[in-house]
Structures are given as structure tokens and as C-alpha cells.
Amino acid sequence: MKKPSSRLLVLGMMTVLFLTVLGMVITANSYQQTQKHALKMGENQLAKINDSVIKILRLEIKSYTLALEDYASNIFNEKNYHELIEDTQLDNSLLFKTSAAAGLYLVSPTGTLLSGKDIHADQFVKEPVKVTAFDQDPLYLKALKGSVLQNGEAYFADNTSYVNLYRPVYDKHHVLQSILVLPINLEELYQQEIDTTENQNGYTMVKNEEMKVLMHPSTEQIGLDIINGRKLKYPDLDYSDLAHLEDVQKTNEKGTLSYNSYWWTEEDPKKVLKISAYEWITVGDARWIVASSSDFYERNGLALQKNLIILGLLTILLAIIILLAVSFSHYNRQNRTYIENLRLVERQNFLKEKHALEKSMMQKSQLETVGLLTTTIVHDMNNFLTPMIGNLQLLIEEYQSNEALVADLNEVYQAAQKGQNLSTNVLRFTKTGIKTKESLSIEEVVSEAIDTMRVLVPKKVTLTYQASFVGTALIEASDLQVILYNLITNAYQAQPENPHIQVRLSAAADKQLTAFQNHSLAYCDKHFAQLTVTDNGPGIPKEIESKMFTPFFTTKTESNGTGLGLFIVSSIAKKNDWILQVKSTVYGTTFTLGIPIDSDNIQ
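Residues numbered from 1 in each chain as written. Predicted model: local features only at pLDDT ≥ 70, side-chain atom pairs only at ≥ 80, totals over all residues. Heavy atoms only, no water.

The protein has the name histidine kinase in an unreviewed UniProt entry, where Enterococcus gallinarum is given as its organism. Under Catalytic activity (unreviewed entry), UniProt gives the following word-for-word description of the protein: "ATP + protein L-histidine = ADP + protein N-phospho-L-histidine." (UniProt positions renumbered as here; feature names shortened; annotations may be inferred.)

Looking now at the packing of aromatic side chains. Applying the stated rule across the entire model yields nine aromatic pairs. Summarising the aromatic geometry, the rings of Tyr 155 and Tyr 162 are spaced 5.8 Å apart at their centres and angled 25° between planes, so their arrangement reads as stacked. There is no split in this pair, since Tyr 155 and Tyr 162 are both buried. Ring pairs connect the aromatic residues Tyr 234, Tyr 239, Tyr 262 and Trp 264, which therefore count as one cluster. (Phe/Tyr/Trp six-rings, centres within 6.5 Å; stacked < 30°, edge-to-face > 60°. Buried < 20%, exposed > 50% of the residue type's maximum accessible area, 1.4 Å probe, protein only.)

Here we take up the pairing of strand β17 (residues 579-585). The sheet contact formed by β17 and strand β18 (residues 588-596) spans seven bridges and is antiparallel. What sits directly across from Thr 585, in β18, is Gly 588. Connecting β17 to the next strand, β18, in antiparallel fashion are two residues. (Pairing = 2+ DSSP bridges. Helix = DSSP H or I, 4+ residues; strand = E, 2+ residues; numbered from the N terminus.)

In this section: the packing of helix α11 (residues 477-494) against helix α13 (residues 565-576). The interhelical angle for the contact between α11 and α13, taken along N-to-C directions, is 150°, at an axis separation of 9 Å. In terms of axis orientation, α11 runs roughly antiparallel to α13. The handedness of the crossing between α11 and α13 comes out as left-handed. Between α11 and α13, the contacting residues are Asp 479, Val 482, Ile 483, Asn 486, Leu 487 and Asn 490 on the first element and Gly 565, Leu 566, Ile 568, Val 569, Ile 572, Ala 573, Lys 575 and Asn 576 on the second. For the contact of α11 with α13, a count of residues per class yields eight nonpolar, four polar and two charged. (Axes fitted to C-alpha atoms, helices over the stretch in contact; angles between N-to-C directions. Parallel < 35°, antiparallel > 145°, perpendicular 65-115°, else oblique. Left-handed = near helix turned anticlockwise from the far one by under 90°. Contact = heavy atoms within 4.5 Å. Nonpolar A, V, L, I, M, F, W, Y, C, P; charged D, E, K, R; others polar.)

Let's shift gears to the pattern of salt bridges. This structure, assessed with the given rule, holds 10 salt bridges. Salt-bridge contacts for Asp 285 lead to Lys 142; the nearest nitrogen and oxygen are separated by 4.0 Å. Residue Asp 285 is found in the loop between β10 (271-283) and β11 (286-295), and its partner Lys 142 is found in helix α3 (residues 140-144); the two are separated by 143 residues along the sequence. Between Lys 575 and Asp 479 there is a salt bridge, with the nearest N and O atoms lying 3.0 Å from each other. Of this pair, Lys 575 sits in helix α13 while Asp 479 sits in helix α11, and the two are 96 residues apart along the sequence. On the accessibility criterion, Lys 575 (43% relative accessible area) is partly exposed. Beyond isolated ion pairs, a larger network of salt bridges with shared partners links Glu 209, Glu 253 and Arg 287. (Salt bridge = Lys/Arg side-chain N within 4 Å of Asp/Glu carboxyl O.)

Moving on, we come to the packing of helix α10 (residues 442-456) against α11. It is at 9 Å that the axes of α10 and α11 come closest, and there the two elements cross at 40°. Looking at the two axes, α10 sits oblique to α11. Note that α10 runs across α11; the crossing there is right-handed. Here α10 contributes Ile 442, Val 445, Val 446, Glu 448, Ala 449, Ile 450, Met 453 and Leu 456 to the contact with α11, which in turn contributes Ala 477, Leu 480, Gln 481, Leu 484, Tyr 485, Ile 488 and Thr 489.

This part covers the environment of Leu 317. Along the chain, the position of Leu 317 falls in helix α8 (residues 302-398). Sequence separation of Leu 317 and Leu 17 is 300 residues, and the distance between their C-alpha atoms is 9.6 Å.

Glancing now at the pairing of strand β5 (residues 160-170). Along β5, 10 of the 11 residues are buried, which leaves the element largely enclosed by surrounding structure. Sheet topology places strand β4 (residues 151-157) next to β5; five bridges connect them, and they run antiparallel. Of the residues in β5, the one forming a bridge with Tyr 155 is Tyr 162. The turn joining β4 and β5, which pair antiparallel and follow one another in sequence, is formed by two residues; a positive phi near 55° is taken by Asp 158. Bridge count for β5 against strand β6 (residues 176-185) is nine bridges, and the pairing is antiparallel. When the sheet's bridge partners are listed, Leu 165 is paired in β6 with Leu 182. Turn length for the β5-β6 hairpin, with the two strands adjacent in sequence and antiparallel, is five residues, and the turn residue His 174 shows positive phi of about 65°.

Glancing now at the nonpolar core. One finds Leu 57, Leu 180, Met 215 and Trp 288 to be the most contacted residues of the largest nonpolar core, which totals 61 residues. Among the elements that take part in this core, helix α1 (residues 6-75) stands out by supplying 11 residues, more than any other. Among residues more than four places away in sequence, those in contact with Leu 180 are Leu 68, Tyr 71, Ala 72, Phe 76, Leu 84, Leu 104, Tyr 105, Leu 106, Leu 165, Tyr 166 and Arg 167. Listed in part, the 39 residues of the second largest apolar core include Ile 442, Val 482, Ile 488 and Val 503. (Core = buried A, V, L, I, M, F, W, Y, C linked by side-chain atoms within 4.5 Å.)

Time to look at empty space enclosed by the protein. Taken as a whole and judged by the stated rule, the model has two cavities of 30 Å³ or more. Taken together, 15 residues line the largest cavity, and the ones lying closest to its centre are Met 205, Leu 242, Leu 245, Tyr 259 and Ser 293. Only β7 (202-207), α6 (240-251), β9 (254-262), β10 and β11 provide two or more residues apiece to the lining of the largest cavity. Here the lining of the largest cavity is built from residues that sort into eight nonpolar, four polar and three charged. (1 Å grid on protein atoms, 1.4 Å probe; cavity = no way out; pocket = protein on both sides within 12 Å on 5 of 7 lines; lining within 4 Å. Points joined across faces, edges and corners; volume = space filled by probe spheres on them.)

Ordered in space as β13-β15-β16-β18-β17, the five strands form an open sheet in which the pairing is mixed. A strand with exactly one partner marks an edge of an open sheet, and here the two such strands are β13 (462-467) and β17. The mean angle between the axes of side-by-side strands here comes to 15°, regardless of whether they run parallel or antiparallel. In terms of strand pairing, strand β15 (residues 500-507) meets strand β16 (residues 528-535) through seven bridges, oriented antiparallel. Residue pairing for β16: Ser 506 is matched across the bridge by Gln 530. Contacts from α10 reach β13, β15, β16 and β18, with the element oriented near 170° to β13.

Here's what the structure looks like:
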């Protein structure tokens with residue numbers, strides 16, 4: 001395990017910090033651009049709304065004016081200039097067009113009330129009484145002279161705003177006989193035709209030249225000056241921006257601006273940022289200012305956007321803090337794991353070395369014990385076999401006439417000799433002895449070993465042997481025979497049911513010869529005899545292939561193996577510089593032994 005690098009952690013932190021700062025800069029710039037664009041769009045939308053309100057206001061007053069003109073042309077003639085007549089159709093077309101008409105009155109040029117209709121009573125006034133104080137119009141006296149065009153100035157009565165529509169009545173000589181007065185309730189007109197508070201995030205209001213409110217969604221605002229009048233009702237509010245607004249509107253005919261104010265339709269007004277579009281208009285002889293206002297944030301969606309941006313920035317900062325905390329924690333945990341892993345690896349290596357040393361010492365001790373025991377056993381076996389062999393020889397000579405008995409005695413004699421030879425071979429691994437190698441026929445040595453093994457292997461074992469001429473080699477016959485003995489024994493013990501073992505002896509050729517020659521520089525020009533032992537067992541598991549030649553390592557039960565068979569095979573091969581190869585599959589295992597042959601025997 002590698003030590004965790006803090007460089008990657010620092011690089012990650014710097015990258016996150018850079019991306020965060022970049023994101024904040026981009027977000028802030030985007031917010032500013034969006035805010036400017038939204039403000040411009042909001043101002044344009046408010047200007048359009050304001051224009052629509054102005055058109056509606058002018059059209060409504062114009063429609064009343066035309067209705068009043070139509071009424072006058074139908075009721076006045078040469079015989080009647082000073083009295084209103086009852087005409088239901090005409091009354092309905094004028095007075096009941098909408099509830100904004102407060103009444104209809106006929107006055108003389110001197111100001112005397114001649115006749116009147118009460119809009120609420122729906123009848124002629126028998127004794128004319130003014131329902132509204134229409135003479136409060138600042139232009140009323142001018143209207144009595146027939147000099148007012150369409151309508152006069154707005155006025156207030158009982159906390160209600162009105163405007164009078166005038167229609168002079170002349171005789172055929174164009175002498176002023178009377179004046180028709182139609183008071184219009186401006187607040188009713190506003191509520192019926194102009195009020196947009198249900199569909200808009202704001203509203204439109206109308207003020208006169210004195211900055212007193214004529215039309216407003218809140219009837220409590222009617223007649224109030226936008227500063228002094230409101231101060232009386234709401235003394236604790238801030239009116240500094242409204243004063244600025246008043247100055248701007250008085251000095252400009254048309255425009256837009258943003259300012260801090262309050263929504264006067266609420267019971268407890270809260271300070272908000274508004275945008276407003278305003279325009280001065282002339283209606284008859286009146287001059288009013290129409291202003292449409294909207295919440296700066298709600299109309300443009302910037303309140304939510306601003307909150308989302310702030311939330312996003314806070315989320316980014318929180319994510320950075322969490323990321324840094326997690327990174328530091330992860331780094332510290334990795335570092336602790338790395339240090340602990342180093343300790344464990346060192347301890348594991350120490351234990352492994354200790355175990356290997358103990359194992360090596362144990363193996364040496366076991367081998368020494370085996371050597372000592374083997375030497376004793378060999379001597380004892382020789383002591384047992386020597387008189388047996390001698391007596392068997394005497395018996396064979398004595399009973400030469402009994403052929404059946406001699407055959408049996410010869411079989412016992414040969415078995416005793418083989419036992420004596422095997423004991424001698426085992427002794428080879430317990431003490432060092434110098435023996436002379438001879439140039440022997442490999443085929444004869446192998447054949448002799450196979451004949452011996454046919455006697456020793458169980459009857460259930462099928463042992464086949466194929467051989468071809470390979471020549472001679474400088475060997476010890478017992479070495480090759482011990483190898484075959486152990487390989488064949490291992491082969492049939494690996495397959496409990498129907499074991500089949502095939503032994504082949506041939507001259508190495510093609511790829512196999514090349515493989516042998518490439519094994520060592522000394523073998524590059526050599527020729528080899530190839531001895532193979534193949535079984536039909538389950539094969540050698542991959543996990544134990546590296547341990548198969550280890551002394552005392554066995555997968556068999558204690559009664560079936562000591563773990564020395566393959567170790568002996570490997571030891572003999574190494575001692576003679578023979579090449580030993582193993583190939584194992586689930587269908588069986590093949591051991592291949594490469595033996596260098598004498599060059600003068602090559603055909």
C-alpha cells in the first residue's frame with residue numbers, strides 16, 4: 001500500500017476553491033445583468049399598463065360626455081330649457097350606465113338648482129337637493145358661464161372624489177339658458193373599470209396637481225396628500241423616497257423610476273422597493289397624473305432569484321466546508337491505515353521469516369531423524385534379508401528336481417533381493433556416498449523398473465509401457481528406478497477408482513527437444529531421452545503446485561503418504577542435472593523427465 005499523497009488533497013482543495021470563486025463571480029455578474037434586464041422589462045411593462053389605464057380613463061369619461069350630449073339633445077327644445085323631463089330610456093342610458101354616475105342636475109347660469117335626479121332613488125327630485133357638493137369644483141363658476149370644456153377639476157366630498165361633466169344648454173339665439181351637471185364618482189369608476197390589484201403585483205393610482213389621491217384601490221387613501229396626508233395617519237413611516245418621487249413627478253411629464261414606499265392597501269404597511277411608470281394627462285380642463293406601481297422584486301421574480309442565489313452560494317460554501325472536512329478526514333484515515341498497514345506488513349514479514357526458519361529447522365531435524373532411522377532400518381533389514389537370501393539359495397540348489405518348488409523359491413528369492421536393493425536406495429538419501437555412474441541403456445533400466453512395478457502395484461491399476469530406442473546415458477540405474485517407483489506410486493494413489501498409468505520412453509524431438517536445449521547453455525547441443533509418466537487422476541490443484549516438491553508436504557492421509565515421494569524425485573533429478581517438468585489438468589497429470597544421452601549413440 002502506498003503512502004497517501006497530500007499533494008492530491010491540496011490540488012483538489014485549490015481546484016474546488018478556484019471553481020467556487022469563479023462560480024460566485026459568474027453568479028454575481030449574472031445576477032446583476034438579470035436584475036438590470038428584469039428592471040428594464042418591468043419598467044416597460046408598467047409603462048404599457050399605465051398607457052392602458054389612461055386610455056380607459058379617457059374613454060370612460062368620453063363615453064359619459066357623449067351620453068350626456070345625447071341626453072341633452074333629446075330633452076331640451078324651444079319650450080323647455082329649465083327642467084329635466086322623465087324619460088326612462090334616456091335615464092337608463094345615462095344615469096344607469098354604471099354606478100359611477102352620482103346624479104344629474106340642471107342649474108341656472110346664476111347657480112340656482114333648477115331640477116335634479118337622484119341616482120340612488122331612481123326618481124326626479126321634487127324639491128331639488130344636491131346629492132353631491134358639485135359646486136366644490138374649482139372650475140364651477142367658470143362652468144356656469146359655459147366656458148368649461150367637457151369637465152372641470154376633481155374635488156372631494158365625504159371622503160369621495162368626483163369630477164363634474166358639464167353640458168351648456170343654449171336657446172336658438174345661442175343664449176345660455178342652463179347647465180347640465182353630471183357628477184362622476186371617480187372612485188366608483190376606478191373600482192369598476194381600472195382597478196387591477198387582483199391580476200397584478202401592484203396597482204394604478206390617479207392624483208391631481210396638488211398630489212392628492214383621486215383614485216386608489218384603498219378608499220382610505222382618497223383625498224390624502226401622498227406625504228402630509230399620510231403622515232397624519234402613519235406618523236412612524238419613512239417618507240423620504242416619496243418626497244423625492246413627488247419632486248420628480250412634478251418636474252417631468254412622463255417617466256419611470258424606483259423608490260422605497262409602502263403598500264397602502266395593507267393594514268400594516270411594510271416598506272418595499274417599488275418601480276413606477278407615470279404620466280401627466282389632461283382630461284377636459286383637469287390635469288391629473290396617472291401612476292402605475294409594482295413591487296420591484298415580485299414583478300420581476302428577483303426576490304426568489306435573489307434568495308435562490310444566496311441559498312446557492314451558502315450551499316456551495318457548505319459543500320466546500322463539508323468536502324474539505326471529508327477530504328481531511330479521508331486523508332487522515334488513509335494515513336493512519338497506511339501506517340498501520342506498514343506495521344502489519346513488517347509483522348507479517350517477521351512472522352513469515354520466523355515460520356520459514358522454524359519450518360526449515362524442523363525439516364532438517366526431520367530429515368536427520370529419517371536418516372538416522374533409515375540407517376538403522378536398512379542395517380536391520382539387511383541383517384534379516386542376508387540369511388534369508390542365503391538359505392533360499394541353498395534350498396534352490398537342494399531341490400532342483402522339484403521344478404514347481406524351485407519356481408516359488410526363485411520368486412521369493414527375487415523379491416528378497418529387490419527389498420535389499422530398495423533399502424539400499426533409501427539409504428542413499430540418509431548418508432553421502434560416492435558411486436560410479438555407468439553408461440547404461442536407458443531402455444533396459446526403465447524396462448527393468450516397469451517389470452518390478454508390475455509386481456508391486458495393486459491389481460486394479462492398469463500400467464502400460466511404450467518404449468523406443470534412445471541409446472545410452474551415463475547414469476545410476478537405481479536413480480532412474482527410484483524416480484519411476486515414486487511417480488507410479490503417486491499416480492495410482494491419486495486415482496482411487498480405475499487408475500490408468502501410461503509410461504513412455506522416446507527421443508525428444510521438435511518443440512520438446514528445443515525446450516530441453518533452452519533449459520541451460522550446457523544443453524544447447526545435447527540430445528535427450530524423454531520419459532513421461534501420465535495418469536488419469538483429478539490433477540494437481542493450482543494452489544499446491546509450488547509446494548509439491550517440498551519435503552513432508554502431502555495431501556494424503558497419514559497412512560497413505562509421508563510427503564517424501566516427489567521430494568525424492570526432485571532431489572534425484574537435481575543431483576543428475578536432469579530436467580523435470582509437470583503438466584496438470586483436471587483430466588490427469590504428466591511428469592516429463594529429460595535425460596541427456598551419449599552423443600555417440602545418436603542415430
